[in-house]
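# Descriptive analysis of the structure
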Amino acid sequence: MAKGLRKGLTSYGDEGFALFLRKAFIKAMGYSDDALDRPIVGITNTYSDYNPCHGNAPALIEAVKRGVMLSGAMPMVFPTISIHESFAHPTSMFLRNLMAMDTEEMIRAQPMDAIVVIGGCDKTLPAQIMAAASVDLPTVVVPVGPMVVGHHKGEVLGACTDCRRLWSAHRAGEIDEAEIETVNSRLAPSVGTCMVMGTASTMACITETLGLSLPMSATIPAPHAERIRLAEASGAAAARMAVDGGPRPSELLTPQAFRNATVVMQAIGGSTNGIIHLTAIANRTPHRYDLDMLDEIGRKVPVLVDLKPSGAHYMEHFHHAGGVPKLLAQLGELIDLDAGTVAGGTLRDIVARAEDVPGQDVIRPRSAPIKAEGSMAVLYGNLAPGGAIIKQAAASARLLQHTGRAVVFDSVEDMAARIDDPELDVGADDVLVLRNTGPKGAPGMPEAGYLPIPKKLGRQGVKDMVRISDARMSGTAFGTIVLHITPESAVGGPLALVESGDMIRLDLAGRRIDLLIDDGEFERRRALLRTSPAPAMPKRGYARLFQQTVLQADEGCDFDFMVRPPDEAP
Ligand code: FES
C-alpha cells in the first residue's frame with residue numbers, strides 16, 4: 001500500500017503526473033525532498049476564536065510537531081471544524097456529526113500514515129474518535145486538558161457545576177447582580193475544558209481508558225508544562241505508529257475496551273452524554289454498545305472519584321492524586337488489563353506504573369467509595385420503552401423512589417415562558433416534564449434536561465425536584481433528572497401522551513419510569529395522537545440531512561448511514 005505523499009493521489013488518470021503535481025505544489029511551502037519522503041503524521045487544528053476551551057491548541061500542535069520530527073517523520077497540520085458548547089446554535093450535538101464527517105473525510109482525502117487529533121470541548125473528542133474509528137488509520141488523541149480551578153470568597157469554583165449552582169442561588173435571590181457578575185469572571189480562569197467531571201472530562205477519561213491517548217492525558221491541566229510534554233510524546237507515538245502501521249483504532253476499540261470504558265465512566269461519576277458518545281463510537285465499529293451492560297456494570301462498580309458534580313473536587317486534584325492509571329489500579333479485576341493502548345503494550349503496563357500518592361483522598365479505594373453503586377442507571381417502563389438514563393450519583397437520594405403529579409412543558413420555549421410564572425400550578429413534590437427536546441424534536445437534543453427549579457419554589461428553599469425529558473443534560477449538572485427518554489416524543493414516543501395532572505412514578509430500585517394511567521386510557525391517548533408532532537422538515541442543507549437521518553439516543557444520535565454494519569471490514 002502507498003505511504004506518505006504517495007497515498008490517495010488526486011484523480012487525473014495519470015498517477016505519475018498526480019504525484020509530480022502534488023510535489024510541485026507542496027514545495028511552494030519550502031519542503032525538501034528529504035522531508036517529503038518521510039512518513040506523514042497529520043495533525044488536526046481545532047483552534048478557533050470561538051472555542052476558548054481549545055485556547056492552548058497552537059502550543060499543543062507545536063509540541064506534537066516537535067515529537068513527530070524528533071522521531072523522523074513529517075508533521076502536517078490541517079484545520080477541521082471546532083465546536084464550543086456555548087457558541088453552537090442550536091446545540092453542539094447538532095454539529096457533532098458534521099465535525100465527525102469533516103474530520104473523517106479530511107483524513108481520507110489527504111495523504112497521512114497516522115493522525116493526531118487534538119480536541120476536548122464536549123463534542124469534539126467524540127466526533128474525532130467516531131471519525132478515527134471509521135477511517136481506521138493509526139490515531140493518537142491529545143485532549144487539550146482541563147482548566148485550573150477558580151476562587152471566590154475563599155471557595156474553590158469550577159465550570160460549570162458552580163455556574164449552575166451560583167446561577168440558581170442568584171435566581172433564588174441569594175446572590176445579587178454585582179456579585180454574580182464578579183463570579184462570572186472567576187468560573188473559567190484558564191483555557192482548557194470544564195474542570196469538573198462533565199462531558200469533556202468524562203470523554204477524556206474514556207479516551208485514555210480505550211487506549212487511544214497516552215497515560216495521564218485526561219487529567220493534566222491545560223496550562224501545565226506537563227501537557228506540552230505529553231503532546232510531544234504523543235507526536236513521537238504517532239510517528240512510530242505511522243511506520244509500524246498500528247495499533248489501529250480497530251485493534252483498540254474492542255468489546256473489552258468498551259466494557260473498560262463503561263466501568264471507568266461509572267466509577268468517575270461520568271456524564272450521561274458519555275453513553276450517547278460511546279454508543280455512536282461503537283456503531284462506527286463492528287461492535288455495539290449495550291445499555292443493559294451499562295446498568296449491570298453500574299450495579300457493581302462504585303463511584304470512586306470524588307469530583308463535582310457527584311463529589312467535591314476538580315480535575316487537577318484527580319490528576320495530582322494519580323489520574324486514570326491510579327483509578328484503573330483501584331478498580332482491580334473490574335478492568336480487563338489485557339486491553340491495548342497507543343503507548344504500546346497494555347493497560348497492565350500502565351497500571352504497574354501508576355503513582356501512589358500518600359494521603360490522597362480523591363481516588364478512593366473500593367473499600368471506601370463515594371457511592372456504593374455506579375454513577376448511572378438505565379430505566380425502562382411505559383414512558384421509556386427504548387430506555388432512559390438517570391445519573392443517580394448526582395441525584396437526591398430521597399427522590400429516587402418518588403411518585404408525583406406531572407407539570408408538562410411542550411418545548412424548551414414553553415418551559416422558558418412559563419417556568420417562573422407565579423401563577424404556574426406547581427409544588428415541590430411535582431414531576432416536571434419537558435418534551436419535544438430529543439434528537440429530532442428540538443432538533444439536536446439540547447442540554448435542556450436540567451429544568452430550572454421554578455423561581456417561586458427556589459425562593460422557598462426547594463433545591464431539587466424529579467425532572468424528566470427526552471433531552472440531554474450537561475455532565476456538569478446535578479439533580480434527580482431522567483434523560484434521553486426513548487423514543488422521543490417528536491416521533492410519537494409515550495412522553496407525548498402525558499398530561500399535566502397525571503401521576504408519574506420514578507422507581508430507581510425497579511429501574512422504571514411510568515405514567516400511572518390504565519392501559520385503556522394510554523391507548524385512547526395514543527389513538528388521538530394523530531399527526532406527528534415532529535417539527536417541519538427543513539427545506540435544504542445540513543439541517544435537512546440531520547432531521548432525515550439522525551438516530552435516537554439509544555443508537556447514539558449518529559446519522560443512520562454512518563453506522564458500520566457488524567460484518568463490514570473497516
Ligand atoms: Fe468546553 Fe465545557 S465548555 S468543555
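Residues numbered from 1 in each chain as written. Predicted model: local features only at pLDDT ≥ 70, side-chain atom pairs only at ≥ 80, totals over all residues. Heavy atoms only, no water.

### Concerning the nonpolar core
Judged by nonpolar contacts, the single largest core of 115 residues is most densely connected at Val 41, Phe 318, Leu 327 and Leu 331. Each residue touching Leu 327, except ones within four places of it in the same chain, is listed here: Val 264, Ala 267, Ile 268, Leu 304, Val 305, Phe 318 and Ile 363. Listed in part, the 27 residues of the second largest apolar core include Leu 379, Ala 384, Val 498 and Leu 508. (Core = buried A, V, L, I, M, F, W, Y, C linked by side-chain atoms within 4.5 Å. Buried < 20%, exposed > 50% of the residue type's maximum accessible area, 1.4 Å probe, protein only. Contact = heavy atoms within 4.5 Å.)

### Examining the state of the cysteines
One pass over the structure, following the stated rule, counts one disulfide. Note that Cys 160 is cross-linked by a disulfide to Cys 163, the S-S spacing being 2.4 Å. Residues Cys 160 and Cys 163 share a disulfide whose torsion about the S-S bond is about -95°; that sign makes it left-handed. For Cys 163, a relative accessible area of 19% translates into the label buried. Just so you know, Cys 205 is unpaired, no disulfide at all, and the nearest cysteine sulfur is the one on Cys 194, 14 Å from it. The class of Cys 205 is buried, set by a relative accessible area of 0%. (Disulfide = S-S within 2.5 Å.)

### Description of the pattern of salt bridges
Side-chain pairs of opposite charge can arise where the charged atoms are in close proximity. A full pass over the atoms with the stated rule returns 38 salt bridges. Linking Glu 104 and Arg 108 is a salt bridge whose minimum nitrogen-to-oxygen distance equals 2.9 Å. Here Glu 104 and its partner Arg 108 are both found in helix H4 (residues 92-109), four residues apart, which amounts to about one turn of the helix. Overall, the relative accessible area of 6% leaves Glu 104 in the buried class. Taking the shortest distance from any N to any O, the salt bridge between Arg 525 and Glu 521 comes out at 2.9 Å. (Salt bridge = Lys/Arg side-chain N within 4 Å of Asp/Glu carboxyl O. Helix = DSSP H or I, 4+ residues; strand = E, 2+ residues; numbered from the N terminus.)

### Things to note about the UniProt feature "domain: Dihydroxy-acid/6-phosphogluconate dehydratase N-terminal" (unreviewed entry) in the chain
Per the UniProt record, "domain: Dihydroxy-acid/6-phosphogluconate dehydratase N-terminal" (unreviewed entry) is found at residues 38-349. Strand forms 9% of residues 38-349 and helix 48%; the C-alpha atoms that close the span are 30 Å apart. (UniProt positions renumbered as here; feature names shortened; annotations may be inferred.)

### Details of a nonpolar patch on the surface
Among the surface-exposed residues, Tyr 12, Phe 17 and Phe 20 lie close enough to one another that they form a single nonpolar patch of about 340 Å² accessible area. In this structure, Phe 20 sits in helix H1 (residues 15-26). With relative accessibility at 58%, the residue Phe 20 sits in the exposed group. (Patch = residues over 30% accessible without salt bridge, like charges linked within 9 Å, V, L, I, M, F, W, Y side chains within 5 Å. Areas by Shrake-Rupley, 256 points an atom, 1.4 Å probe, with all protein chains shown as cover.)

### Looking at the packing of helix H5 (residues 124-135) against helix H8 (residues 199-209)
Taken N-terminus to C-terminus, the directions of H5 and H8 make an angle of 35°; their axes are 9 Å apart at the nearest point. Of H8, the residues touching H5 (which contributes Leu 125, Pro 126 and Ile 129) are Met 203, Ala 204 and Thr 207. For the contact of H5 with H8, a count of residues per class yields five nonpolar, one polar and no charged. (Axes fitted to C-alpha atoms, helices over the stretch in contact; angles between N-to-C directions. Nonpolar A, V, L, I, M, F, W, Y, C, P; charged D, E, K, R; others polar.)

### Structural notes on the packing of aromatic side chains
Evaluated as defined, the whole model comprises 10 aromatic pairs. For the ring pair Tyr 12 and Phe 17, a centre distance of 5.6 Å and an interplane angle of 70° mean the geometry is edge-to-face. Taking relative accessible area as the criterion, Tyr 12 reaches 46% and is therefore assigned partly exposed. With a relative accessible area of 35%, Phe 17 lands in the partly exposed category. A network of ring pairs unites the aromatic residues Phe 94, Tyr 542, Phe 546, Phe 559 and Phe 561 as a single cluster. The cationic tip of Arg 164 hangs over the ring face of Tyr 450; the distance from NZ or CZ to the ring centre is 5.7 Å. (Phe/Tyr/Trp six-rings, centres within 6.5 Å; stacked < 30°, edge-to-face > 60°. Lys NZ or Arg CZ within 6 Å of the ring centre and 35° of its normal.)

### Quick word on the pairing of strand S3 (residues 114-119)
Within a regular strand, the side chains alternate between the two sheet faces. Burial of S3 is extensive: six of the six residues sit out of reach of the surface. Burial along S3 is two-sided: Ala 114, Val 116 and Ile 118 facing one way and Ile 115, Val 117 and Gly 119 facing the other are all buried. Here strand S1 (residues 40-45) pairs with S3 via three bridges, running parallel. The residue of S3 that forms the bridge with Val 41 is Ala 114. Where S3 meets strand S4 (residues 139-143), five bridges bridge the pair, whose relative direction is parallel. The residue of S4 that forms the bridge with Val 116 is Val 140. (Pairing = 2+ DSSP bridges.)

### A closer look at the sheet that holds strand S8 (residues 387-391)
Read from one edge to the other, the open sheet built from eight strands follows the order S7-S8-S12-S11-S10-S9-S13-S14, with strand pairing classed as mixed. In the strand order of this sheet, the two ends are held by strand S7 (376-379) and strand S14 (512-515), each with one partner. Between one strand axis and the next, the sheet turns by 25° as a mean value, whatever way the strands run. Here S8 runs beside strand S12 (residues 481-486); their pairing, made up of three bridges, is antiparallel. Bridge pairing in S12 links Gly 387 to Thr 486.

### A closer look at the sheet that holds S4
Strand order in this open sheet of four strands is S2-S1-S3-S4, and the pairing throughout is parallel. Both outer strands of the open sheet, strand S2 (74-79) and S4, are each paired with one neighbouring strand and no more. Between one strand and the next, the sheet's axes are offset by a mean angle of 20°, whatever the strand orientation. Against the sheet, H5 contacts S1, S3 and S4, and its axis sits at roughly 165° relative to S3.

### Looking at the pairing of S1
Counted residue by residue, S1 has five buried out of six residues, so it is predominantly covered. Looking at chain direction, S1 and S2 are connected through six bridges and run parallel. Among the inter-strand pairings, Gly 42 is bridged to a residue of S2, identified as Met 76.

### Quick notes on H5
Every α-helical turn comprises 3.6 residues, leaving residues that sit three or four positions apart pointing alike. Given a rise of 1.5 Å per residue, 12 residues ought to cover 16 Å, and the 16 Å separating the end C-alpha atoms of H5 matches this to within 8%. With respect to burial, H5 is a largely interior element, 12 of its 12 residues being buried. The set of residues buried in H5 consists of Thr 124, Leu 125, Pro 126, Ala 127, Gln 128, Ile 129, Met 130, Ala 131, Ala 132, Ala 133, Ser 134 and Val 135. Just past H5, the residue Asp 136 takes up positive phi, approximately 65°. (Expected span 1.5 Å × (residues − 1).)

### Brief notes about the side chain of His 54
Inspection of the secondary structure assignment puts His 54 in the loop between S1 and helix H3 (57-70). The buried category is assigned to His 54, whose relative accessible area is 0%. A polar side-chain atom of His 54 sits 3.3 Å from the main-chain amide nitrogen of Gly 120. A distance of 3.0 Å separates a polar side-chain atom of His 54 from the backbone nitrogen of Cys 121. Once residues within four sequence positions are removed from consideration, His 54 is found in contact with Thr 46, Tyr 47, Ser 82, Gly 119, Gly 120, Cys 121, Thr 124 and Val 144. (Polar contact = N/O pair within 3.5 Å; in protein donor to acceptor, adjacent residues only side chain to side chain.)

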